[in-house]
Amino acid sequence: MSLRRKTGCLIIVLILMSGGAGFMLGLIVSKAVQKKKETPAFWKQAAMKHLEKLHPDEAQRQQFEAVTDQAVAELSTLREEGIRNVWSIVDQAAADIQKGLKPEQKETFEKIRPKPPANLDK
């Protein structure tokens, strides 16, 4: 194999590895950003940032913050209720499916059955 071919192959391998590493890094960053967007603190920050476009004075800013805090608290409660409702439906569907299973299928089903997140209060 000539030096030119070896160099070409090494460059191709380097390009593929760089692309793969960039892709994986992009996925990690994307998941981190998505997770951050799920926090109530982010919701408040985003709302206040939009309200700053109104150029509020200090009294208005305090009023906006109070209203935003109340809305974020209500949204957090609604989100938690929604998640609990989703898992209630999933649990009911799993129980209905389990009723029709043969004994040897039940063991496998328990392994693959969707499980709610650990931090979910029922």
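So, how was this worked out
Residues numbered from 1 in each chain as written. Predicted model: local features only at pLDDT ≥ 70, side-chain atom pairs only at ≥ 80, totals over all residues. Heavy atoms only, no water. Helix = DSSP H or I, 4+ residues; strand = E, 2+ residues; numbered from the N terminus. Rg over C-alpha atoms; globule rule 2.2 N^0.38 Å. Buried < 20%, exposed > 50% of the residue type's maximum accessible area, 1.4 Å probe, protein only. Contact = heavy atoms within 4.5 Å. Areas by Shrake-Rupley, 256 points an atom, 1.4 Å probe, with all protein chains shown as cover. Lys, Arg positive; Asp, Glu negative; His and termini not counted. Charge placed at Lys NZ, Arg CZ, Asp CG, Glu CD. Patch = residues over 30% accessible without salt bridge, like charges linked within 9 Å, V, L, I, M, F, W, Y side chains within 5 Å. Salt bridge = Lys/Arg side-chain N within 4 Å of Asp/Glu carboxyl O. Axes fitted to C-alpha atoms, helices over the stretch in contact; angles between N-to-C directions. Parallel < 35°, antiparallel > 145°, perpendicular 65-115°, else oblique. Left-handed = near helix turned anticlockwise from the far one by under 90°. Nonpolar A, V, L, I, M, F, W, Y, C, P; charged D, E, K, R; others polar.

Student: So what exactly am I meant to see when it comes to the overall build of the chain here?
Tutor: Regarding its fold elements, the chain presents four helices and zero strands. Going from N to C terminus, the chain has its helices and strands arranged as α-α-α-α. At 25 Å, the chain has a C-alpha radius of gyration far larger than the 14 Å of a compact globule built from 122 residues. Its C-alpha atoms give the chain principal-axis dimensions of roughly 75 × 60 × 15 Å. Taking all 122 residues of the chain together, 10% fall into the buried category. Taking all contacts inside the chain whose residues are at least 6 apart in sequence as the whole, residues at least 24 apart take part in 46%. Of the accessible surface of the chain, which amounts to about 10,200 Å², a share of 64% is contributed by carbon and sulfur atoms. Considering the chain, the positive charge centre built from 20 side chains and the negative charge centre built from 15 side chains are found 15 Å apart.

Student: When you look at a nonpolar patch on the surface in this model, what are you seeing that I'm missing?
Tutor: Taken together, Phe23, Met24 and Leu27 make up a surface patch of nonpolar side chains, about 310 Å² in accessible area. Among the secondary structure elements, Phe23 is positioned in helix H1 (residues 3–37).

Student: What's the story with the pattern of salt bridges in this structure? I'm lost.
Tutor: When the charged atoms of two side chains lie near each other, side chains of opposite charge can form a pair. Overall, the coordinates contain seven salt bridges when judged by the stated rule. Among the salt bridges present, the one from Glu52 reaches Arg61, with a minimum N-O distance of 2.8 Å. Given a relative accessible area of 33%, Glu52 falls into the partly exposed group. Judged by its relative accessible area of 25%, Arg61 is partly exposed. One salt-bridge network, in which partners are shared between bridges, spans Lys44, Glu65 and Asp69.

Student: Would you take a moment to explain the side chain of Thr68 for this structure?
Tutor: With respect to the helices, strands and loops of the structure, Thr68 is situated in helix H3 (residues 58–99). Setting aside chain neighbours within four positions, we find Thr68 in contact with Lys44, Ala47, Met48 and Leu51.

Student: Help me understand the packing of H3 against helix H4 (residues 103–112), please; the structure alone is not making it clear to me.
Tutor: For any two helices packed against each other, one specifies the inter-axial angle together with the distance between the axes. At a minimum axis separation of 10 Å, H3 and H4 run at an interaxial angle of 160°. Between H3 and H4, the interaxial angle falls into the category roughly antiparallel. You can see that H3 and H4 cross each other, and the crossing is right-handed. Counted together, Ala94, Ile97 and Gln98 of H3 and Lys106, Phe109 and Glu110 of H4 form the full contact between these two elements. Within the contact of H3 with H4, the residues separate by chemical class into three nonpolar, one polar and two charged.

Student: It is not clear to me how unusual backbone geometry should be interpreted in this structure. Could you clarify?
Tutor: Note: most residues except glycine have negative phi, and most peptide bonds are trans. Even without being a glycine, His55 presents a positive backbone phi close to 55°. Looking at the secondary structure, you find His55 in the loop between helix H2 (40–51) and H3. With relative accessibility at 70%, the residue His55 sits in the exposed group.

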